[in-house]
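For reference, the chains in residue letters:
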Amino acid sequence: MALPLKCPLCNKSHEDQNVVTQHVYGGKPGQAFYRCSHCDVCYLFPGLTQEEEKKFYVAEFSNFMNERAGSTGGWKDPAKHVEANAWMVSRRMKYLTNRLPKSGRVLEIGCSSAFMLYPLMERGLECVGVETSGVFGEYVGSRGIDCYVSTKDLIATGLYSEGVNLILHSFVLEHISAPQAFLQQQLDRLKPGGQLIFEISNSADPLMTLYDLPAFERFYWIVAHTWYFSKPSLEYLLNTLGHPFEILIDQRYDLSNHMV
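Along each chain, residue indices are assigned from 1 in the same order as the chain's sequence is written. For a predicted model such as this one, the threshold for reporting local features is a pLDDT of at least 70, and the threshold for listing and counting side-chain atom pairs is 80 or more; totals across whole chains, interfaces and linings nevertheless cover every residue. By convention in this description, side-chain values take in all heavy atoms of the structure and omit both hydrogens and water.

Draft legend 1. Main features of the layout of surface pockets. In the cavity and pocket records, a cavity denotes points on a 1 Å grid over the protein atoms alone where a 1.4 Å probe fits but cannot get out, a pocket denotes an open set with protein on both sides within 12 Å along at least 5 of 7 lines, and lining residues are residues with an atom within 4 Å of a point. Grid points are joined across faces, edges and corners, and a volume is the space filled by probe spheres set on the points. In this model, the second largest pocket occupies a volume close to 200 Å³. If you go around the second largest pocket, you meet 13 residues; those closest to its centre are Pro-8, Tyr-43, Leu-44, Phe-45 and Trp-227. For the purposes of this entry, the term helix denotes a DSSP run of H or I that reaches at least four residues, the term strand denotes a run of E that reaches at least two, and both are numbered from the N terminus. At three residues, strand 3 (residues 42-45) tops the list of elements feeding residues into the lining of the second largest pocket. For this classification, the nonpolar set comprises Ala, Val, Leu, Ile, Met, Phe, Trp, Tyr, Cys and Pro, the charged set comprises Asp, Glu, Lys and Arg, and every other residue, Gly included, is treated as polar. Of the residues assigned to the lining of the second largest pocket, the class counts are nine nonpolar, three polar and one charged.

Structure follows, in structure tokens:
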């Protein structure tokens, strides 16, 4: 099994890198997740090649998520995906409502069915999405929101060269091979006073750190995630960008998820 020579986030040597698990859901032999004892980030090694990554997200991701989340998640049907995530909208709006601009543009990267953008559009905000899945992208476009396959395609149009007021993404950062560059590009697109708000999973999930369930370990660590951040490792990453930030911690699923 190939071993990492250094941490891909903080560059600490191989002596600080420890195997977390060799159970990589959807992965291939030789892949494992490692944790850096210096910055506390967890990462997949070896990761997907650029060619494998492009194929996975364009052609395979919705099937992968449908298999993982089940048919009730709506990953095969964008309209059902919107319905399945109504509870997520309610949960997120508790944090977003007081942070939304009163007017202007909102960009969501990795918007899937754009279930988060429709309520913002109803508030009078101009919304645009980025989504690699053709099925989801076409659906979003049919509902009146401009949707692009990549941020590169969006930037190339020149329509948003003057910037946006708010950029959102949820459970996207952990999929990105170069997170610093990814976030910096977004910060550069913000208008003065604009905000970048994103949500990610937490590697300190109690089902992993408290209960240590073997079945959950085999489910939790997936090939689609290049990274798993904790609060310390996310702080390390955000500090490299040199902008003020706030980290909020929320329990996404209730006690029934722990019990079942």
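Still more ground to cover, so stick around.
Draft legend 2. Layout of the side chain of Ser-112. Looking at the secondary structure, you find Ser-112 in the loop between strand 4 (105-109) and helix 4 (117-122). Note on Ser-112: relative accessible area 9%, which makes it buried. Contacts of Ser-112, omitting those with residues within four sequence positions, involve His-81, Glu-131, Phe-136 and Val-140. For each residue, the accessible area found with a 1.4 Å probe, counting protein chains only, is set against the maximum for its type, and the residue is called buried under 20%, exposed over 50%, and partly exposed in between. Contacts between residues were defined by any pair of non-hydrogen atoms, one from each residue, lying within 4.5 Å.

Draft legend 3. Broad picture of the sheet that holds strand 4. Only strands that DSSP links by at least two bridges are regarded as paired with each other. The parallel open sheet is built from five strands, whose spatial order is 6-5-4-7-8. Each having just a single partner strand, strand 6 (146-148) and strand 8 (190-199) make up the two edges of the open sheet. Shown here is a sheet whose adjacent strand axes are inclined to one another by a mean of 20°, direction ignored. Summarising the sheet, strand 5 (residues 126-130) and strand 6 pair through three bridges and their orientation is parallel. Residue pairing in the sheet places Gly-129 in a bridge with Cys-147 of strand 6. Strands strand 4, strand 7 (164-170) and strand 8 of the sheet are contacted by helix 7 (residues 179-189), whose axis makes an angle of about 145° with strand 8. In this analysis an axis means a line fitted to C-alpha atoms, helices contributing only their contacting stretch, and an angle means the value between N-to-C directions, from 0 to 180 degrees.

Honestly, it's all geometry; don't read function into it.
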